[in-house]
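Chains, contacts and geometry: an overview
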Amino acid sequence: MTEAILLVGGKGTRLRPLTVHTPKPMVPAAGVPFLTHQLARARAAGVEHIVLATSYLAEVFEPYFGDGSSLGLHIEYVTEEEPLGTGGAIRNVASRLRSSPDEPVLIFNGDILTGLDIPALVATHRSSGADVSLHLTRVPDPRAYGLVPTDDSGRVQAFLEKPQTPEEIVTDQINAGAYVFRRSVIDSIPAGRPVSVERETFPDLLASGAHLQGMVDSTYWLDLGTPQAFVRGSADLVLGRAPSPAVPGRCGDRLVLPTASVASDAKLTGGTVVGSGATVGEGARISGSAILADAVVEPGAVITDSLVGARARVGARSILTGVVVGDGATVGPDNELREGARIWCDARIPQASLRFSSDQ
C-alpha cells in the first residue's frame, strides 16, 4: 500500500468559532495544523501518495502543504463543488488514484486522532482477503457512535447506527474512522451525488455479500469534533500520550514554539502549547491549554483546558476554564469564564463584565 485518501472537507460546525476562518484539519494541535499529524503518521507507515478530498475553505490546504515534498509525500488536492458526504468524497477522488483494482487504498477521516497501527490494519486486510477493512475501537458508552459487531474471525456482521435503548447495544465496538478499501470498491461507489459510507456504502456491501473485516485496535483514539476534545487532543500530543512524529519539539508538560515569549515566572503545565509569536505575561498560569499564534495572555491570567485563538487577547487576572476564545477576540481583565463558553472571533468582552463568582 502506497497511497491514501484523507477526507478533510467537513465544515467543523461543532468546533465553531475555531472553524470560522480555518477548516477543522488546519486548526493547530500541538503547534502545527492537526492534518500534519495525520500526514506524518501515514508517511511513517509507508504511504507515499495522498489525495486530500477538500470542500470547506479548500483554498487554504495547498498553500500550506504544497506538493507534500517537505513531508516526504506526493499530495494532490480534489475539491468538491457541493458536499458529497464521506462516500461521495471518496468516489470523487478516484481518478487521482494509481492503484490497480485489487490493490489496497488507505482512507482516513480528517478529525480523528489515533495511535492506530496502520501496517497491522493493512496486513489484516490482505490476510483476510476483505473488500473493505475497518479500524474498530471499543468505547465505554457507544450510544453516540455507529456500532459494528463482528464474528469470532473479525468479519463484520452489521452496522447499527447510534443505539437508543440498552437492547440495541449489542457491542462496544465502534467505527473508528480509518479504512482500507480494495480499489475496485471505490470505483463502485455512485459518482456525482452525496453518499455516506456509514449509512449507504457499508450496509449495501454487506447486503450484497461482500467481505468487510474489522480490526479492533484500542490504542489511543479521540474524535476531535468538539472544542473540549480538540484541546484535550492537543495536550495529549504534547504530553506524548497520543503518538505523532510531527510534534515540533520534545514531548513534555509544555511546548513553547521558538518565536513565543513566556515570562520567567509564568507556569505552563498539562501539555500546554504556546504558538508562534504568542506572549504569556508575568505570573500567568496555564494548564492543558492551547495558546495559538500571536495571542496575548496578560499577567496573572489563569487558563485551564481552554483554547485561545490566533491574535486573541486574555486580560490580566481573567480566569478561563474550559473556554474557547475565537481568533482576534479580546477578553478584558478581571473576567471569569467557565465550561462551554465560546467567545466569537473578534468579539470584545469589557473589563470585569462576566463572572461566575464574587469579585472579592
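As shown above, the structure is provided for reference.
Residues numbered from 1 in each chain as written. Predicted model: local features only at pLDDT ≥ 70, side-chain atom pairs only at ≥ 80, totals over all residues. Heavy atoms only, no water.

The subject of this paragraph is the packing of aromatic side chains. Where two aromatic rings form a pair, the distance of their centres and the angle of their planes describe that pair. Scanning all chains against the criterion turns up 7 aromatic pairs. Ring geometry for F34 against F230: centres 6.5 Å apart, planes inclined by 65 degrees, an arrangement best described as edge-to-face. Here F34 is found in helix α1 (residues 34–44), whereas its partner F230 is found in helix α7 (residues 227–239), with 196 residues between them in sequence. Assessed through its relative accessible area of 1%, F34 is described here as buried. Judged by its relative accessible area of 1%, F230 falls in the buried class. Taking 5.3 Å as the distance between ring centres and 20 degrees as the angle between the ring planes, the aromatic pair formed by F159 and F202 counts as stacked. One end of the pair, F159, is in the loop between β9 (146–147) and β10 (160–161); the other, F202, is in helix α6 (residues 197–207), and 43 residues separate them in sequence. Of the two residues, F159 and F202, neither departs from the other in class, the shared state being buried. An aromatic cluster of at least three residues, connected via ring pairs, comprises F159, Y179, F181 and F202. (Phe/Tyr/Trp six-rings, centres within 6.5 Å; stacked < 30°, edge-to-face > 60°. Helix = DSSP H or I, 4+ residues; strand = E, 2+ residues; numbered from the N terminus. Buried < 20%, exposed > 50% of the residue type's maximum accessible area, 1.4 Å probe, protein only.)

Here 6 strands make up an open sheet; going across it, the order is β14-β17-β20-β23-β26-β29 and the pairing parallel. Each end of this open sheet is capped by a strand with a single partner; those strands are β14 (254–256) and β29 (342–343). For strand β23 (residues 307–308) and strand β26 (residues 324–325), the ladder comprises 2 bridges, and the chain directions are parallel. The residue bridging L307 from the neighbouring strand is V324, located in β26. (Pairing = 2+ DSSP bridges.)

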